[in-house]
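# Survey of secondary and tertiary structure
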Amino acid sequence: MALKMVKGSIDRMFDKNLQDLVRGIRNHKEDEAKYISHCIDEIKQELKQDNIAVKANAVCKLTYLQMLGYDISWAAFNIIEVMSASKFTFKRIGYLAASQCFHEGTDVIMLTTNQIRKDLSSPNQYDTGVALTGLSCFVTPDLARDLANDIMTLMSHTKPYIRKKAVLIMYKVFLKYPESLRPAFPRLKEKLEDPDPGVQSAAVNVICELARRNPKNYLSLAPLFFKLMTSSTNNWVLIKIIKLFGALTPLEPRLGKKLIEPLTNLIHSTSAMSLLYECVNTVIAVLISLSSGMPNHSASIQLCVQKLRILIEDSDQNLKYLGLLAMSKILKTHPKSVQSHKDLILQCLDDKDESIRLRALDLLYGMVSKKNLMEIVKKLMIHVDKAEGTTYRDELLTKIIDICSQSNYQYITNFEWYISILVELTRLEGTRHGHLIAAQMLDVAIRVKAIRKFAVSQMAMLLDNAHLIASNTQRNGICEVLYAAAWICGEFSEHLEESNQTLEAMLRPKVTTLPGHIQAVYVQNMVKLYASILQQKEQAGEKEAAQEITQLMVDRLPQFVQSADLEVQERASCILQLIKYIQKLQIKEVPVAEEVIALFAGELNPVAPKAQKKVPVPEGLDLDAWINEPPSDSESEDEKPKTIFHDEEQRHSRHRQPEIDEEELARRREVRKQEQANNPFYIKSSPSPQKQYQDTPGVEHIPVVQIDLSVPLKVPGMPMSDQYVKLEEERRHKQKLEKDKKKKKQKKEKKGKHRRHNSLHTESDEDIAPAQHVDIITEEMPENALPSDEDDKDPNDPYKALDIDLDKPLADSEKLPVQRHRNAENLKSPDTEAPLVGKKSKKPKKKEKKRKEKEQEKEKKKEKEKRVTEEGKKGEDLDFWLSTAPPPSSITQTQSEPEGSTVLAEPEENEDAKKEEQEEENDEGKKSSKHRKKKHKKEKEEKSKDKKKSKKKHHHGEEEPAESVQNGTLDDEPLPPMSSYCLLAENSYVKMTYDIQGNLQNDSQVTVSVIFENKSTSFLKSMELNVLDSLNAKMLRPEGSSVHDGIPVPFQLPPGISNEAQFVFTLQSIVMAQKLKGTLSFIVKNDEGSTHEKLDFKVHFSCASYLITTPCYSDAFAKLLESGDLHMSSIKVDGISISFQHLLAKICFYHHFSVVERVDSCASMYSRSIQGHHVCLLVKKGENSVSVDGKCNDSTLLSNLLDEMKETLSKC
Amino acid sequence: MIKAILIFNNHGKPRLSKFYQRYVRGRASLYCCNCIHSGLIGGSDNKLIYRHYATLYFVFCVDSSESELGILDLIQVFVETLDKCFENVCELDLIFHVDKVHNILAEMVMGGMVLETNMNEIVTQIDAQNKLEKSEVSHICHWYQCALIVL
């Protein structure tokens, strides 16, 4: 036998190893797939061998193939075999393969638990290390739960190599098994001060990662991190800490103030760019969060900007990029400091790297002022010409438009310049942004009245040269500008000088090649043009000319009538008939011009995009009210919503508005009248600088269109935008001189300078008056529109308050009944601690022991900290930190409060280590001192034992948490009033209690946690739970098993022991409660032998179990109610004697609601189902009764919920 | 957190791929191209940070908790470590010894978090493990020789 084995292995010596496989693949480039499938066959053979070396080799090859994208999950079992090899060489191969291909769905993963545990406790540190590394990649909730204690023990391993790995992997364990966070946290915190820098760094890593998700829970660690920051020299650790502080400062402004100094020191001293960059970033974040100015505020900003300049000037592209990125953050709050580095930014526009150019472009946006806009845009125009890639050029184009049009054309002093810029942009080939340019042209022409004349002349020119723009099919995007051009020429045809020529241009046959929607605009607008020409001619008495023009239309229009585009065809044929009719009248010598022009009479005013929304609901109009009362229940239904709204009324401005309305209305009307009255004057009083330009069509006005030599055109000078820059300078200079002269007569001067009423002036800009006396017409708003911009927020966004991170490691801890218990208590007495204490002291001793222990550790820690800080240089530090220690909680609370929401909702939000601590501290202080001392002693004894023998300590650490976790679930049972676990079934052997929890991650799953308690003196094993699925509800079984298979309970029960198992059920509809029948089968084993036993049960899925406690802010709540798509129902229960607080707590606890707001004996509550139904309640307490009004998306769900609630309440 | 580490050459051929979060697998080479172009790897909180050395791209996909420049330094450490362990590392080393590259990486990054940034420490651990491996392999060789003699 042995010989056979040996022989087999020798054969195998000639097998391919990894290198051979790689070589083979490289040699079979043509038929790679075929070769690999051949290799996989070989590997399958090798895996069947008994020899572990062969297997390991095969697995090693598979790992390589996995990287190439081949599925190797079929070999999962073999991988586990290799993992369990005794030799490190093979073990490492196995773990590597596992880490590459195992995931939560891998079913064989549960077979690894024991192997991993064995490896973790291996005497060889590398076995342990490799197991930890592997585990970090494929840890599942089960593995995390089972191995948490082992890993926690390893955190105190003698070898730093193991310690740091154990510390790091704890993060993964927390993620998968959140319950472990609290027991493990003290030890993790200890590791922050580990003598080994690697372990320290790992601990910082883990805590930073945790804190990033829930920063406020970790505020209390700030002093510790602060100390690390000032003492550590490891850049990696420093970066992590500094980033963490960046996340913490928004929560605690005082922290920010304290940070500035050490951070600026670091900025000054460090040579590492990465650290410098992060420091700068955090300083920026701090300064942004400190809204109120600090004394050396500007100094720090200046320092940051200076350092960033160094980064940007560096030759390293990465630094440049990041420097610009950080700069843009500063720009948002401190534009002035950045503006002084304009030169640098402009320089970056010339960079060869496109991403850097784009970043610089972003910055430019915030750097323009009235003074430099023209200059900057000129520079950008040069770039547009030079740009090679279309994407970058398009980006430039949009940026130019963005920059110019930002905040309602705030920085544009000369609109003629802007129009010519837009016209110049039409020369761009192949841009996708023709519509953007067109939109700008339209917007400016409509809103800036004074510019219309100039705009029309430019547009006429564009139309005249339309063939250039439209000739190339590739330039399709740009022909959109013709749309704008045609419309502007038509609409403002009174400004057109050579209308005949323009009309002819629009009637050219070439136009029919344009896209349909543009042609349609052409057709419509040529009639406008025609009408104005007709009027001109008739007034001048040139009848023949008038008839000529009509004839031209009649001749040319048919080409549009034949258009394939419906819109064009329809308009053209309609207009053709109209014109033919006009022609008839003309022949009869009837004057028609007035009637024709009447077709287009009236002015089009721009309407603000939000105008419709802003129309206030007239007083007395209730859109929610019934027009015809519904037949039944009308009375109560009508009243209830009102009562619900009542609470929110003060907060909602819409209801308040009518009072101010009339005043506001009168004022607005006045303003509008004035505007309208003033409009014509703007144009008249203008010294019309455009005339100047037209009078001097200088040689440098080289018309763009002349490039095209093949087409002889008489094109008037198309002004280049550049000329405006010079002219503008001159003008400004002149103005300045003038101003100096007239300084005394400033008041009079103002007359001539109508400032645009809606622009904001920066101080430096103020002395630059716009060239044209331009009025930007504000977009029209309905009369008595609401001034507030409140509507911008989405009213249907109840999730704003529900912004809960699902990755959050702690939130899931609701599953533990221990915490639920506390939850409910918090609700009852958020501010008065007394009843809380009373309750808590009743709790089983075991639990208290655990808490005490934690407390102890914490106290010890604190003392240590105190000592250290006291030893430190500054006594102030201590003061600061001590003073900050209590506030975090108050701050977090006030932060959630501002909108008027109550603190009540807060405790529901999450259970966190931080709060826990405080609670415990509070408890501690109020507990009877006797009690305390006793515990204290006991605890001390334990502690001293721990210290004596480190080995024992390990042991201790291993057992303790396991016990406490188990106890946690048990503890609550003896407290009948507030346990969510109810009896499932019971016989002489076993007792089952269960609780149902909705699954946040999956909208159709609930988790049923069942506690099995062995009541007998026998050993229970092979427990298997099976449930008869209904159509609606099914138990989630492992893939491949049939509906009749039961799920094995993953543990055995020795006598007197209990344990908890969880089963997942999927549900289709959750609007109704359900009952599922099931059976637990198990084997009872005792001295006399073993028997097979069964226990039948019924699982009751109440509707409340589909709800997930979700906090909701009152404003979101109000909006939700208002949205009007909720159904409504109510119940009333008499004979209730318990206090309102207890009552609310009960509803919160049993029905998974959270309190939104509470006023006296009235409270609004909220919850959400796993499928996203919102459920809102209004609970009112009368003398002896309680009435509950509910609103929910689904009426069935609501009525079922209320029924359940009735049952609970009637038990009170 | 580091979400993924990829090494591929100028032609997009994968030389190493390590994902710290699970993705639905397609062909890895496809991944390499896609993730560069579209930031395909899980969620929106992604940054791709890479360095280009000769024929190879070292790409780290990270979330916002990592410092960009810090990761660039880390890549540098990684490459220097490879250089030390392979003695003048080149693409071929990575092609034929991808398992070793994985082992080196495992000493630097664990489960998406940085384990060690000190190159000497990393090299020491790698050497120690190689030594351990060698002692085992020599043992096996010895066993094979014995077997041959028996035959």
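Keep in mind that this is a model prediction, so the values were computed, not measured.

Definitions and limits used
- Here the residue numbering is sequential within each chain, running from 1 through the sequence in written order.
- Both sets of labels track the order of writing: A upward for chains, 1 upward for ligands.
- Owing to the predicted nature of the model, reporting of local features is limited to residues with pLDDT of at least 70; listing and counting of side-chain atom pairs is limited to 80 or more, with chain, interface and lining totals taken over all residues.
- Side-chain metrics in this entry use all non-hydrogen atoms of the structure; hydrogen atoms and water are not considered.
- Helix numbers and strand numbers start at the N terminus; a helix is a DSSP run of H or I with at least 4 residues, a strand a run of E with at least 2.
- Exposure categories follow from relative accessible area, calculated using a 1.4 Å probe and restricted to protein chains: below 20% of the type maximum is buried, above 50% is exposed, and the middle band is partly exposed.
- Note on definitions: a residue-residue contact is assigned when non-hydrogen atoms from the two residues lie within 4.5 Å.
- In this scheme, a helix's expected span is set at 1.5 Å multiplied by one less than its residue total.
- Pairs of strands are assigned from DSSP output, requiring at least two bridges between the strands.
- For helices, the fitted axis covers only the stretch in contact; all axes are lines through C-alpha atoms, and the angles between them, taken along N-to-C directions, range from 0 to 180 degrees.
- The buried area of a pairing is the accessible area, by a 1.4 Å probe, that goes missing from both parts when the two are put together, added over both.
- Salt bridge, as used here: a side-chain nitrogen of Lys or Arg that lies within 4 Å of a carboxyl oxygen of Asp or Glu.
- As a per-residue measure, pLDDT reflects the predictor's confidence and takes values from 0 up to 100.
- Whether two aromatic rings pair depends on their centres lying within 6.5 Å, for rings of Phe, Tyr and Trp, where Trp uses its six-membered ring; planes under 30 degrees apart make the pair stacked, over 60 edge-to-face, and the rest tilted.
- Only Lys NZ and Arg CZ are tested; either one counts as a charge over a ring when it is within 6 Å of the ring centre and within 35 degrees of the ring normal.
- An angle counts as roughly parallel when it lies under 35 degrees, as roughly antiparallel when it exceeds 145, as roughly perpendicular when it falls between 65 and 115, and as oblique in every other case.
- Note: crossing handedness is left-handed where the near helix turns anticlockwise from the far helix by less than a right angle, and right-handed where it turns clockwise.
- All residues other than Ala, Val, Leu, Ile, Met, Phe, Trp, Tyr, Cys, Pro, Asp, Glu, Lys and Arg, Gly among them, are scored as polar; the first ten of these are nonpolar and the last four charged.
- A cavity here means a set of 1 Å grid points, computed over protein atoms only, where a 1.4 Å probe fits but cannot escape. A pocket is an open set with protein on both sides within 12 Å along at least 5 of 7 lines, and lining residues have an atom within 4 Å of a point.
- Grid points are joined across faces, edges and corners, and a volume is the space filled by probe spheres set on the points.

This part covers the overall build of chain B. A count of helical and extended segments in chain B gives 5 helices and 6 strands. Scanning chain B from its N terminus toward the C terminus, one meets helices and strands in the order β-β-α-β-β-α-α-α-β-β-α. Evaluated residue by residue, chain B yields a buried proportion of 53% over its 151 residues. The long-range share in chain B, meaning contacts at least 24 apart out of those at least 6 apart in sequence, stands at 47%.

Within chain A, the regular secondary structure consists of 53 helices and 15 strands. For chain A, with 1212 residues in total, the buried portion stands at 53%. Nonlocal contacts in chain A, meaning residues at least 24 apart in sequence, comprise 71% of its contacts between residues at least 6 apart.

To continue, consider helix H25 (residues 434-447) of chain A. For an α-helix, the turn length of 3.6 residues means that residues three or four places apart are oriented alike. All names here are of chain A. For H25, built from 14 residues, the straight-helix expectation of 20 Å at 1.5 Å per residue is met to within 8% by its first-to-last C-alpha distance of 20 Å. Of all 14 residues making up H25, 10 are buried, and the element is well covered by its neighbours. Buried within H25 we find Gly434, Ile437, Ala438, Gln440, Met441, Leu442, Val444, Ala445, Ile446 and Arg447. As for H25, its buried residues are in contact with helix H23 (390-409), helix H24 (415-425), helix H26 (452-464) and helix H28 (480-491).

With that settled, consider the sheet that holds strand E4 (residues 56-62) of chain B. All names here are of chain B. One open sheet accounts for 4 strands, arranged E2-E1-E4-E3; its pairing is antiparallel. Edge positions in the open sheet fall to strand E2 (14-19) and strand E3 (47-53), since each of these has one partner strand only. Ignoring strand direction, the axes of neighbouring strands in this sheet form an average angle of 10°. Here strand E1 (residues 2-9) pairs with E4 via 7 bridges, running antiparallel.

Another aspect to go through is the interface of chain A and chain B. Interface size, as often reported, equals the accessible area lost upon joining of the parts. Each partner contributes residues to the interface: chain A has 58 residues there, and chain B has 60 residues. Both sides together, the interface formed by chain A and chain B hides about 5400 Å², and carbon and sulfur atoms give 61% of it. Together, Met67, Arg92 and Trp236 of chain A form the three largest contributors to the area buried by chain A at its contact with chain B, with a combined 13%. For the pair chain A and chain B, the interface holds 6 salt bridges.

This part takes up the confidence of the model for chain A. Residue and element names in this part refer to chain A. Averaged over all residues, the pLDDT of chain A equals 73, while 69% of them reach at least 70. Confidence drops under a pLDDT of 50 for residues 634-659, and excluding neighbours within four residues, the segment shows 30 contacts in the predicted structure. Counted against residues more than four places away or in other chains, residues 788-850, with its pLDDT under 50, gives 131 contacts.

All names here are of chain A. Throughout the structure, instances matching the rule amount to 15 aromatic pairs over all chains. On the basis of an interplanar angle of 70° and a centroid distance of 5.8 Å, the ring pair of Tyr409 and Phe415 is categorised as edge-to-face. Each member of the pair, Tyr409 together with Phe415, is buried. Arg357 extends its terminal NZ or CZ atom over the ring of Tyr392, reaching a point 4.0 Å from the ring centre.

Next up on the list: the packing of helix H9 (residues 141-154) of chain A against helix H10 (residues 160-176) of chain A. Residues and elements named next belong to chain A. In the contact formed by H9 and H10, the axes pass within 9 Å of each other and the chain directions differ by 150°. Here H9 lies roughly antiparallel to H10, going by the angle between them. H10 is crossed by H9, and the crossing has left-handed handedness. The residues of H10 that touch H9, namely those facing Pro141, Ala144, Ala148, Ile151, Met152 and Leu154, are Ile162, Arg163, Ala166, Ile169, Met170, Val173 and Lys176. Residues that form the contact of H9 with H10 fall into these classes: 11 nonpolar, no polar and 2 charged.

Glancing now at the pattern of salt bridges. Residues and elements named next belong to chain A. Per the counting criterion, the structure on display carries 40 salt bridges over all chains. A salt bridge links Glu104 to Lys176; the shortest N-O distance between them is 2.4 Å. In this pair, Glu104 sits in the loop between helix H6 (88-101) and helix H7 (113-120) while Lys176 sits in helix H10, placing the two residues 72 residues apart along the sequence. With a shortest N-O distance of 2.8 Å, Lys528 and Glu491 are connected by a salt bridge. Of this pair, Lys528 sits in helix H30 (residues 516-540) while Glu491 sits in helix H28, and the two are 37 residues apart along the sequence. Glu491 shares its class with Lys528; the two are buried. The network of salt bridges with shared partners includes Arg359, Asp362, Glu395 and Lys399.

So, about the packing of helix H16 (residues 273-289) of chain A against helix H18 (residues 317-333) of chain A. Residues and elements named next belong to chain A. At a minimum axis separation of 10 Å, H16 and H18 run at an interaxial angle of 10°. Viewed along their axes, H16 and H18 adopt a mutual orientation that is roughly parallel. Contacts between H16 and H18 involve Met273, Tyr277, Asn281, Ile284 and Ile288 from the first element and Leu319, Leu322, Leu325, Ala326, Lys329, Ile330 and Thr333 from the second. Looking at side-chain class alone, the contact of H16 with H18 contains 9 nonpolar, 2 polar and 1 charged residues.

The backbone of Glu589 of chain A sits at a positive phi, close to 60°, despite the residue not being glycine. Positionally, Glu589 of chain A belongs in the loop between helix H33 (566-587) and helix H34 (593-598). Even without being a glycine, Asn88 of chain B presents a positive backbone phi close to 60°. Residue placement: Asn88 of chain B occurs in the loop between helix H2 (68-86) and helix H3 (91-96).

Turning our attention to the environment of Asn234 of chain A. On the secondary structure map, Asn234 of chain A appears in the loop between helix H13 (222-231) and helix H14 (235-248). Distance in space between the C-alpha atoms of Asn234 of chain A and Gly198 of chain A is 9.6 Å, their sequence separation being 36 residues.

A full pass over the atoms with the stated rule returns 15 cavities of 30 Å³ or more. Reported here for the second largest cavity is a volume of approximately 230 Å³. As for the second largest cavity, its lining consists of 24 residues, and the residues nearest its centre are Val130 and Thr133 of chain A together with His102, Asn103 and Ala106 of chain B. Contributing elements (two or more residues each) for the lining of the second largest cavity: H6, helix H8 (125-138) and H10 of chain A together with helix H4 (98-108) and strand E5 (109-110) of chain B. Considering every element that reaches the lining of the second largest cavity, the biggest residue donor is H8 of chain A, with 6 residues. Here the residues of the lining of the second largest cavity are counted per class, giving 12 nonpolar, 8 polar and 4 charged.

Residue and element names in this part refer to chain A. Judged by pairing direction, the sheet is antiparallel, and its 5 strands sit side by side in the order E1-E2-E3-E7-E5 without closing on themselves. At either margin of the open sheet sits one strand with a lone partner, and together these are strand E1 (982-986) and strand E5 (1033-1035). Neighbour to neighbour, the strand axes of the sheet diverge by 30° on average, direction disregarded. One ladder, built from 9 bridges, connects strand E3 (residues 1005-1014) with strand E7 (residues 1058-1067); its direction is antiparallel. Bridge pairing links Val1006 to Phe1065 in E7.

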